[in-house]
Amino acid sequence: MTTSIDPPAASFKLSMLIYDTRYRSITFQTIALIAFLIFIGWLFNNTAQNLADLGKEPSFGFMTEQAGYDINQRLIDYNSQSTHLRAAFVGLLNTLLIAVLGCITATIVGVLVGVLRLSGNWLIARLMTVYVEMFRNVPVLMWIVLCMAILIESLPSPRDFRGETPEASMMLFDSVAITNRGVYIPEPLFSRGLGDVSVGGVFGISLDLIAVLIVLGAGLYGAAKIRKRADVIQNATGVRPRTWHTRLAVVFVPLIILLVALGFHLGYPALKGFNFQGGTHMRNSLIALWLALSLYTAAFIAEIVRAGILAISGGQTEAAAALGIRPGRIMSLVVLPQALRVIIPPLISQYLNLTKNSSLAIAVGYMDITGTLMGITLNQTGRELETVLMGMLVYLAISLSISSVMNWYNSRVKLVER
Amino acid sequence: MSNTHADTVLFVRDTMLPQQDPPSSTIGAIGWAKENLFSGWINSILTLVSLAFVLFLLAGLLPWLFSPTWSMNSLTECRELLAGDHGACWGVIRERWPQLMFGFYPSEMYWRPVLTIVLLFVAIAPILFAERVPSKLLGFTAIFPFVAVWLLWGGTIWGPLMALLGFVVAYFVFGLADKYLTSALALIAAVVSALIWWGLISPLIEPALSSALPIGLETVDSRQFGGFMLSITIGVTAIMCSLPIGILLALGRQSDLPLVKAICVGFIEFIRGVPLITLLFIASTLLNIFLPPGTNFDIILRVMIMVTLFASAYMAEVIRGGLAALPKGQYEGADSLGLDYWQAQRLIIMPQALKISIPGIVSTFIGVFKDTTLVSIISMFDPLGLANAIRADQSWNGIYWELFIFIGVVFFIFCFSMSRYSMYLERKLQTGH
């Protein structure tokens, strides 16, 4: 006969805080919490004392003071009489601009290079390998500075476009001028524009742009609807109706009508005096940063794409082929959905890296948030703590929102396991 | 019909024909080219276009690269020699070589960083090539950081020695306490004893020893550090320190203790969410504000701390990936053997998890080493910062490509060999099929 006996309910002894697993975790966590709080308190105490010694009480009042410096590349109205807050906002928009532009280009180049690295063509595959290794193993800061140097040193100056027999000429039917002061491209203009709408009195958004985006979005939505209906018909009858022309029409006809109604035309840059006037001026700093970040990140994206494609076993392709699916559809229905599951998470973390690397803009004088808030504003006001803290929070907010998108995607496409 | 058949000879082959060579167009160079370069009209076009591109590039680049300007002393001399031709001006590399390597380190003491580099290779050899180098060298690896600090910065030998002795004290206290207490308590005792040594005992002994036995090297100021020496100093420190910190952070993130986990997650996500340059701004402007009034320590040390923290957060995520990839059975197996938490980590979990995460770890190392160039933005003279300084000189005003190419090639050599080494290590540790 065995009887199970409960252990005697021992009275609590102090040593049980360490030796009893029921209490040990609480003990350690309490110690950790106390140590952590002491550390934080120590930091706060030091900071407060140091700032008091320097006579700089922490305050964010300086953000509403006049900035007094110019920002040459900007998306919204800004002049040197504007506030530091507005300067920071201009910088933030510039950061987002370079991030979006860079991500798009890097993805296109990266996917292309990644696929070509798997090409059966020996020469192409080797060339792409050289490209990837060259960009991955050299610091991105060097690529940025190098691109800037190439743009400044090797492109013709606006002066070379003058005279009877100019040394340089404009490209694409005299619409694009590439100079060492930047690239001038045609700008969209509306002769019967709707004007701007002011958002909270802070900055204006062009109504024309909003109208174009709404019409484009509606068109794309309609096209997607038509495609869904085609899917339904195909599932019901086995015959897929031909829809591409209606879909194209749904997207483009309203858009063209709207553009004509608004009096859409392009404003071309033209040489006046010592420089080009008109058109949109993309400064060298923007282009150098864009080029360098895209090419650098594209090398990493190429490796991710290659790994994603290689991760899909050949059996998948063969099985799909055995079912009689055509090669193009094998790619879109079988390989790509699985490869994307492997590709997307590291791809998004590359986007994150690109966004963070865009803070190196300060090396070429592109005024992003690092250049405005943590650069000139910091130097002018001497508020190191506040500016750096705000800058970090902005980057943190951008990063966390991108990574929450990634987590949402991950949980959506995750393979459901037991 | 039947007539013709009657005339034919019945023929049955009784021997095999000898095997024939494959058609000459499918073997050798021609066959290879046909298969790999011209396998279809699209491929042929691609090949020709890229061949033309490569040739065009080489035709432009090679004459430029091989220009006889090695002995020139200024850009104007180069231009006179080349007389209008395109050509690189390699004289800048020859003339500024010591500066690109050592920054503004006093030239009569170049032997110190050189010796440090040599010792660095001796110290990491037993780690990198464990089976070919006697493991006794690991003892030297342990004292190398202190030797390196003394060699590079100079000063009295007793400072680094006292710091080293603190670790020795901690080691012996841990050994002693481990017999009587749980390992966690022994660890706390060891840390406390080391802190007592550094904080109370060594400040008392050190001045006495320094005055009694003034052994030391001439002090070199941190501001004089520069060039690749600076990059390597910061990079190697961050690489060496970030691995253990990263392991601890990864374990903390996996921990069952919610508070420890929260602190680790918060730290990792914060560091990974901000660019390194903001952390360097903290190092250059803010760190002194966070520390007790009057503390003013070395800028290189401040940068090293921030780069190490930055690298640790990334390292932690890489190692967490390795931990997550281990099958649950490994953890359960370790538990069933009766191993406690640290024994299980040390003997079962970490060896496997680290092996899985080697590619990630090495690419983090490469990233850290590349990121050391960012210190040029807070006006330290790493190679890129020096390139600007050199360009500011009258005789080299306007020189770009030669410096960029040189710096890029050196970084490429370092990073590429690191990635090749990681491939070798992966192959060596491969135990699967």
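Residues numbered from 1 in each chain as written. Chains lettered and ligands numbered in written order. Predicted model: local features only at pLDDT ≥ 70, side-chain atom pairs only at ≥ 80, totals over all residues. Heavy atoms only, no water.

**As for the pairing of strand 2 (residues 182-185) of chain A**
Residue and element names in this part refer to chain A. In this structure, strand 1 (residues 177-179) lies alongside strand 2, joined through three bridges in antiparallel fashion. Bridged to Ile178 within strand 2 is Val183. Bridge count between strand 2 and strand 9 (residues 280-282): three bridges; the pairing is antiparallel. Bridge pairing in strand 9 places Tyr184 opposite His281. (Pairing = 2+ DSSP bridges. Helix = DSSP H or I, 4+ residues; strand = E, 2+ residues; numbered from the N terminus.)

**Describing the sheet that holds strand 1 of chain A**
All names here are of chain A. Read from one edge of the open sheet, three strands run 1-2-9, paired in antiparallel fashion. The outermost strands of the open sheet, each flanked by one partner alone, are strand 1 and strand 9. Neighbour-to-neighbour, the strand axes of this sheet turn through a mean angle of 15°, independent of strand direction. Sitting on the sheet, helix 8 (residues 284-311) is in contact with strand 1, strand 2 and strand 9, with an inclination near 60° to strand 9. (Axes fitted to C-alpha atoms, helices over the stretch in contact; angles between N-to-C directions. Contact = heavy atoms within 4.5 Å.)

**Digging into the packing of aromatic side chains**
Counting across every chain of the model gives 26 aromatic pairs over all chains. Ring plane angle 20° and centroid distance 4.2 Å describe the contact between Phe135 of chain A and Trp143 of chain A, whose orientation is recorded as stacked. The class of Phe135 of chain A is buried, set by a relative accessible area of 8%. Trp143 of chain A sits in the buried class, given a relative accessible area of 10%. Aromatic side chains Phe369 of chain B and Phe411 of chain B sit 5.3 Å apart centroid to centroid with 50° between the ring planes, which places their arrangement in the tilted category. With Phe369 of chain B in helix 16 (residues 358-371) and Phe411 of chain B in helix 18 (residues 401-429), this residue pair connects regions lying 42 residues apart in the sequence. Each of the two residues, Phe369 of chain B as well as Phe411 of chain B, counts as buried. Three or more aromatic residues link up through ring pairs in this structure, and these residues are Trp97, Phe228, Phe369, Phe406, Phe411 and Phe414 of chain B. Above the ring of Tyr314 of chain B, the side-chain terminus of Arg272 of chain B is found at 5.6 Å from the ring centroid. (Phe/Tyr/Trp six-rings, centres within 6.5 Å; stacked < 30°, edge-to-face > 60°. Buried < 20%, exposed > 50% of the residue type's maximum accessible area, 1.4 Å probe, protein only. Lys NZ or Arg CZ within 6 Å of the ring centre and 35° of its normal.)

**Observations regarding the domain arrangement of chain A**
Examined at the domain level, chain A breaks down into domain 1 (59-140 + 285-418) and domain 2 (206-262). On a C-alpha basis, the centres of domain 1 of chain A and domain 2 of chain A stand 29 Å from each other. (Domains from an automatic or database assignment.)

**Section: helix 7 (residues 138-153) of chain B**
All names here are of chain B. A rise of 1.5 Å per residue sets the reference length of helix 7, with its 16 residues, at 22 Å; its end C-alpha atoms lie 24 Å apart and thus fit the reference within 8%. If you check which residues of helix 7 are buried, you get Thr141, Phe144, Phe146, Ala148, Trp150, Leu151, Leu152 and Trp153. Of the surrounding secondary structure, the elements contacted by the buried residues of helix 7 are helix 6 (111-128), strand 1 (155-156), helix 8 (158-180), strand 2 (216-217), helix 10 (227-254) and helix 13 (299-325). Among the residues trailing helix 7, Gly154 stands out with phi positive, at a value near 75°. (Expected span 1.5 Å × (residues − 1).)

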